[in-house]
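Topology and contacts: notes
So you can see what is in the structure, the chains are spelled out below.
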Amino acid sequence: MSVSRDDFSIAFRSALLQRGGAQKFSVLSLIFLALIIFFLDIYGTKFTKPVRAFINDVVYRVTYLASAPTRFFPQVGQNISSFMDVREENKRLKALVEKYESLKLNVEFLADENKNLQKILETEYFNQNLSNIVLAKVLVDKNSPFLKSIIINKGTRTGILKGMPVTKDNYLVGRVVETNYLSSRVLLLNDLNSRIPVTLDQGAQAILSGSGSKNPILEYLPEDYEIIEDINVFASGKDGIFTPGTPVGKTNEKGEVDLFVDPNQLSFVTVNKNTQVQSK
Amino acid sequence: MAKISIINKIFNSGPLLLLYYLCISEIDTNLEKVFEIFTLNFQIILIYFWVLKRPEIMANGHIFVAGLINDVVMGFPLGISSLSYLIMIFFGTYVRNKSVNTTIASDWFTFFMAMIFSNILFFTLINNFSELSFSFAKIGYNMFFTLFTFPIFWLLFNIYQISFIGSRDA
C-alpha cells in the first residue's frame, strides 16, 4: 500500500516539476505564470491594458497573414465558378442597370423629400454626417463555439471606442467590445453575451439576446405578445448607442430573429462613431 | 545525411507547428456550418497525444505560448487556454510516468479525465472572474465530440508517428 502511495507521489511530483531535455520549464512554474498573467489581465492595471492592446494588434495582424491561404483557396473556387456564369450575369446586370436608371430619379426625389422631412423633425439621424462613419475590413473571423466575434482593422487611432455600433449595408451587425490602437473586436448580435434594445414593426419593445447559435431571440416582449413570422426588427436606440431604426432582422416561424446580415459572411463593415458613445 | 536530419527535424516539428497554426490562424474545428452542434477542441487532443507519446517534440514552453496566442485570437482572458493546456500536459506526463505501455483504450480513458479537469478549470475561472458567459449545452457538445473523435485522431497521429518520426512508446 505504502509502495503504491510512493509511486503516486513520485509520478505526481515528477509530472509537475520535471525538466530537462526539451522541457526547459516545469509544468508547475508555467501554471503559476499562467495564473499571474490571467489575474493581471482580469484585474488589469494601467500597465497591463496597453500591453494587452499591443499584443492583440500584433497577433491579429499575424493571424490575418497566417489565414491568407484559407481565404485564398475558397476565393479561387468562387472566382472560377463566377467566371463561368459571367455572360449570363452580364445580360442580367444590363437589364438591372436599365431598371435602376429609371428608379434613380425617383430615389433622388425621395431622398430630398426625406431630408426635408427630417429637418422638420430635427432628428439626430439627420445631424450625423459621413465623417462619423468608418469603413473597416474584417481581419479575423474565427468561428469559436463559445464567442461570436470578429476583429476589424480599425482601432483607437481612427477614433473607435468601446460600445460603438457596427453595421453592414446599414444593417446592424454588432458593437465594439474591445479596442486596440490598430484593431478592435466586434461582438456579433448572435453572441450569447449580446443584448440590444429593439423595436418591432407594431411598436412593441423587446431585448434582442444572442443565443450562441445563428439566430438571436427576443426577450422581455409585452405580456401576451405573440410573435408571428416576418415581423421586422429594428434597433430602438433606447440605450443611446444604436441609431434608432437601424434594421436588424425579421422574425421566423420559430420566434427567433433571422438577421439581415449573415454573421459568418462579413468582409467589410462600417463603424458608426456615435457622439453619445464618445461622451461616455 | 544532413538532408535526412533536416527532414526528420521538419517531421518532428510537425505537431508543434500544427498547434501554433491552429491557434493563430482562422482555421477552426468548429464545424457549426456543416452540423449545428459539431464543435471540438482539437488542440487538446493534439497536445495530449504528443505529450503522452513523444513529449520531447511538444515542449511545455511552446504549448504555453500557443495557449496565450489562442486567448488573444479567441478573445478569452490571457492565460486561460495556457492553463487548460498545462493541465492536459500534467495529466499526460503523469500517465506516462505511471504506465509502462499504453493502449488506445487507456489513452482514451485518461484523456477523458484530463479533459474533464482541464475544462472544469477553464470554465470555472471564466465564469467567476470574467464577464463572459457560455452556453452549457455548447460546452457539453464540445466535450462530447472532442472525446468521441479522440480515437480517430489517435490513430491518425499514430500513423504519422510510425511513418515519419519513429515509434518510441513509453
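The structure reproduced in this document is the subject of the present report. Since this is a predicted model, take the numbers as computed values, not measurements. (Residues numbered from 1 in each chain as written. Chains lettered and ligands numbered in written order. Predicted model: local features only at pLDDT ≥ 70, side-chain atom pairs only at ≥ 80, totals over all residues. Heavy atoms only, no water.)

1. What about the packing of aromatic side chains?
Taken as a whole and judged by the stated rule, the model has 26 aromatic pairs over all chains. A ring pair is formed by A:Phe38 and A:Phe39, whose centres lie 5.1 Å apart and whose planes are at 80°; its orientation type is edge-to-face. A residue is classified by how much of its surface remains accessible, and A:Phe39, at 29% relative accessible area, is partly exposed. Between B:Phe49 and B:Phe157 the ring centres are 5.3 Å apart and the planes differ by 50°, which places this aromatic pair in the tilted class. Of this pair, B:Phe49 sits in helix α2 (residues 42–53) while B:Phe157 is found in helix α6 (residues 136–165), placing the two residues 108 residues apart along the sequence. Connected via pairs of aromatic rings, a cluster forms that spans B:Phe11, B:Phe42, B:Phe49, B:Trp50, B:Phe153, B:Trp154, B:Phe157, B:Tyr160 and B:Phe164. Between the NZ or CZ atom of A:Lys99 and the centre of the ring of A:Tyr100, over which it lies, the distance is 5.8 Å. (Phe/Tyr/Trp six-rings, centres within 6.5 Å; stacked < 30°, edge-to-face > 60°. Buried < 20%, exposed > 50% of the residue type's maximum accessible area, 1.4 Å probe, protein only. Helix = DSSP H or I, 4+ residues; strand = E, 2+ residues; numbered from the N terminus. Lys NZ or Arg CZ within 6 Å of the ring centre and 35° of its normal.)

2. Details of a negative patch on the surface
Where like charges cluster on the molecular surface, the negative patch consists of A:Glu229, A:Asp230, A:Glu253 and A:Asp258. The topology assignment puts A:Glu253 in the loop between β10 (247–251) and β11 (257–259). (Patch = residues over 30% accessible without salt bridge, like charges linked within 9 Å, V, L, I, M, F, W, Y side chains within 5 Å. Areas by Shrake-Rupley, 256 points an atom, 1.4 Å probe, with all protein chains shown as cover. Salt bridge = Lys/Arg side-chain N within 4 Å of Asp/Glu carboxyl O. Lys, Arg positive; Asp, Glu negative; His and termini not counted. Charge placed at Lys NZ, Arg CZ, Asp CG, Glu CD.)

3. A short note on the interface of chain B and chain A
Of the residues lining the interface, 54 residues belong to chain B; the matching set on chain A comes to 54 residues. With both sides pooled, the region where chain B packs onto chain A buries about 4600 Å², and carbon together with sulfur makes up 67% of that total. Put simply, chain B and chain A have 0 salt bridges between them. Taken together, the connections running from chain B to chain A amount to 9 residue pairs in polar contact (both at pLDDT 80 or more). Secondary-structure elements contributing two or more residues to the side of chain B that touches chain A are α1 (2–24), α3 (60–74), α4 (80–98), α5 (104–129) and α6 of chain B. (Contact = heavy atoms within 4.5 Å. Buried area = accessible area lost by both parts, 1.4 Å probe. Polar contact = N/O pair within 3.5 Å; in protein donor to acceptor, adjacent residues only side chain to side chain.)

4. Observations concerning the sheet that holds strand β2 (residues 149–152) of chain A
Residue and element names in this part refer to chain A. Pairing is antiparallel around the closed barrel formed by 6 strands, whose spatial order is β1-β2-β5-β4-β3-β12. Along the sheet, successive strands turn relative to each other by an average axial angle of 45°, direction set aside. By the bridge criterion, 5 bridges tie strand β1 (residues 133–140) to strand β12 (residues 268–272) in an arrangement that is antiparallel. Each bridged residue has a counterpart across the sheet, and for Leu135 the counterpart in β12 is Thr270. Packing against the sheet, helix α3 (residues 48–66) makes contact with β1, β2, β4 (171–179) and β5 (184–188), and its axis sits at approximately 70° to β1. (Pairing = 2+ DSSP bridges. Axes fitted to C-alpha atoms, helices over the stretch in contact; angles between N-to-C directions.)

5. Notes on the packing of α3(B) against α4(B)
All names here are of chain B. Taken N-terminus to C-terminus, the directions of α3 and α4 make an angle of 145°; their axes are 7 Å apart at the nearest point. Seen from above, α3 lies across α4 with right-handed handedness. Side by side, α3 and α4 meet where Asn60, Ile63, Phe64, Ala66, Gly67, Leu68, Asn70 and Asp71 of the first sit next to Ile80, Ser81, Ser82, Tyr85, Leu86 and Ile89 of the second. Of the residues that constitute the contact of α3 with α4, the class distribution is 8 nonpolar, 5 polar and 1 charged. (Left-handed = near helix turned anticlockwise from the far one by under 90°. Nonpolar A, V, L, I, M, F, W, Y, C, P; charged D, E, K, R; others polar.)

6. Re the packing of α2(B) against α5(B)
All names here are of chain B. Put simply, α2 and α5 touch, their axes get as near as 11 Å, and they point 125° apart. Accordingly, the angle class assigned to the pair α2 and α5 is oblique. Here α2 runs over α5; the crossing is right-handed. Listed contacts from α5 to Ile44, Ile45, Tyr48, Leu52 and Lys53 of α2 are Asp107, Thr110, Phe111, Ala114 and Met115. A breakdown of the residues in the contact of α2 with α5 according to their chemical character gives 7 nonpolar, 1 polar and 2 charged. (Parallel < 35°, antiparallel > 145°, perpendicular 65-115°, else oblique.)

7. Re unusual backbone geometry
All names here are of chain A. You will see that Tyr220, though not glycine, has its phi angle at about 55°, which is positive. Here Tyr220 is to be found in the loop between β8 (217–219) and β9 (232–235). With relative accessibility at 68%, the residue Tyr220 sits in the exposed group. One non-glycine residue, Asp230, lies in positive phi territory at about 65°. By the secondary structure assignment, Asp230 is in the loop between β8 and β9. Exposure remark for Asp230: the relative accessible area of 49% places this residue in the partly exposed category.

8. What to know about the nonpolar core
Core analysis: the biggest nonpolar cluster contains 73 residues, and B:Leu19, B:Tyr48, B:Phe76 and B:Phe111 have the highest contact counts within it. Here this core gets 11 residues from one element, more than from any other, and that element is α4(B). Among residues more than four places away in sequence, those in contact with B:Tyr48 are B:Met88, B:Phe91, B:Gly92, B:Val95, B:Asp107, B:Thr110, B:Phe111, B:Ala114 and B:Phe150. The next biggest cluster of nonpolar side chains, apart from the first, holds 17 residues, and it includes A:Leu189, A:Ala204, A:Leu208 and A:Val257. (Core = buried A, V, L, I, M, F, W, Y, C linked by side-chain atoms within 4.5 Å.)

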